[in-house]
Amino acid sequence: MYYNYSQPIYPPPKSKIPGIIILIALFVGIAALVAEISLFRLTFISLPRALTIWAGFSTVAFLLLLRIFQKYYPPTSSLFFLAIGYGIACAGLPLYLFMAANYYFADAKTTTQTYIVIAADNGSPIGKCVEPYIEIEHKGLNKQIIYPCGTVVDKQKSLTLTTSEGFFGYDIIRN
């Protein structure tokens, strides 16, 4: 009789609740990342700042999920990569909450400012639509203002926006 002692046999997880909670966090995080993109377009926040917030929460989520995965599932090399993937996706929720709080709890006082257009692109006229944009400078930050497909923007020399100060101090576009 031959016994294979090289691979231990782990009992199945006692509860499926941590797995269900993690799966819900994954889908909520992915949905929040998609919703965050529309808020990012309306906020004067730099991309490196948003990525720093997202990377910080991704690291925390990765460490927590790795700890949970090691507790409930047998250790394999794929657990590390699974925790990385789930951590990246789950970090979308705190980033969305940051952007949403900045946008929805902004000051009611608005200011109208006129900006000089740095660059403009109409997108692609043939085939698949690439959204046209105008690039402006706002307090040292170059921001692309995205327009719907078919909008002609390359002839504009200036842009007037109604802005207000967001909850965390980042200006937002009202109109």
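Residues numbered from 1 in each chain as written. Predicted model: local features only at pLDDT ≥ 70, side-chain atom pairs only at ≥ 80, totals over all residues. Heavy atoms only, no water.

Caption draft 1: Highlighting the packing of aromatic side chains. Counted by the stated rule, this structure contains five aromatic pairs. Between Tyr 103 and Tyr 104, the aromatic rings sit 5.1 Å apart at their centres with planes inclined by 85 degrees, giving edge-to-face as the arrangement. Residue class for Tyr 103 comes out buried when judged on its relative accessible area of 14%. By relative accessible area, which is 54% here, Tyr 104 ends up exposed. Seen from their ring centres, Phe 167 and Phe 168 are 5.0 Å apart, and the 75 degrees between their planes marks the pair as edge-to-face. Residue classification places Phe 168 among the partly exposed positions, given a relative accessible area of 41%. Site record: aromatic cluster; members linked through ring pairs are Phe 98, Phe 105, Phe 167, Phe 168 and Tyr 170. Directly above the ring of Phe 40 sits Lys 143, whose terminal nitrogen or CZ lies 4.3 Å from the centroid. Sitting over the face of the ring of Tyr 103, Arg 174 holds its NZ or CZ atom 6.0 Å from the ring centroid. (Phe/Tyr/Trp six-rings, centres within 6.5 Å; stacked < 30°, edge-to-face > 60°. Buried < 20%, exposed > 50% of the residue type's maximum accessible area, 1.4 Å probe, protein only. Lys NZ or Arg CZ within 6 Å of the ring centre and 35° of its normal.)

Caption draft 2: Expanded view of the environment of Val 152. The topology assignment puts Val 152 in the loop between β3 (141–146) and β4 (158–165). Among the residues examined, Val 152 registers a relative accessible area of 55% and is labelled exposed. When the C-alpha atoms of Val 152 and Asp 121 are compared, they prove to be 8.5 Å apart, with 31 residues separating the residues in sequence. (Helix = DSSP H or I, 4+ residues; strand = E, 2+ residues; numbered from the N terminus.)

Caption draft 3: Molecular detail of the nonpolar core. With 13 residues, the main nonpolar core has Leu 39, Phe 40, Ile 45, Phe 98 and Met 99 as its most contacted residues. Those residues within four positions of Met 99 in sequence are excluded, and the remaining contacts are Glu 36, Leu 39, Phe 40, Thr 43, Ile 45 and Ala 50. Membership of the second largest hydrophobic core comes to 12 residues, among which are Phe 62, Leu 66, Leu 79 and Tyr 86. (Core = buried A, V, L, I, M, F, W, Y, C linked by side-chain atoms within 4.5 Å. Contact = heavy atoms within 4.5 Å.)

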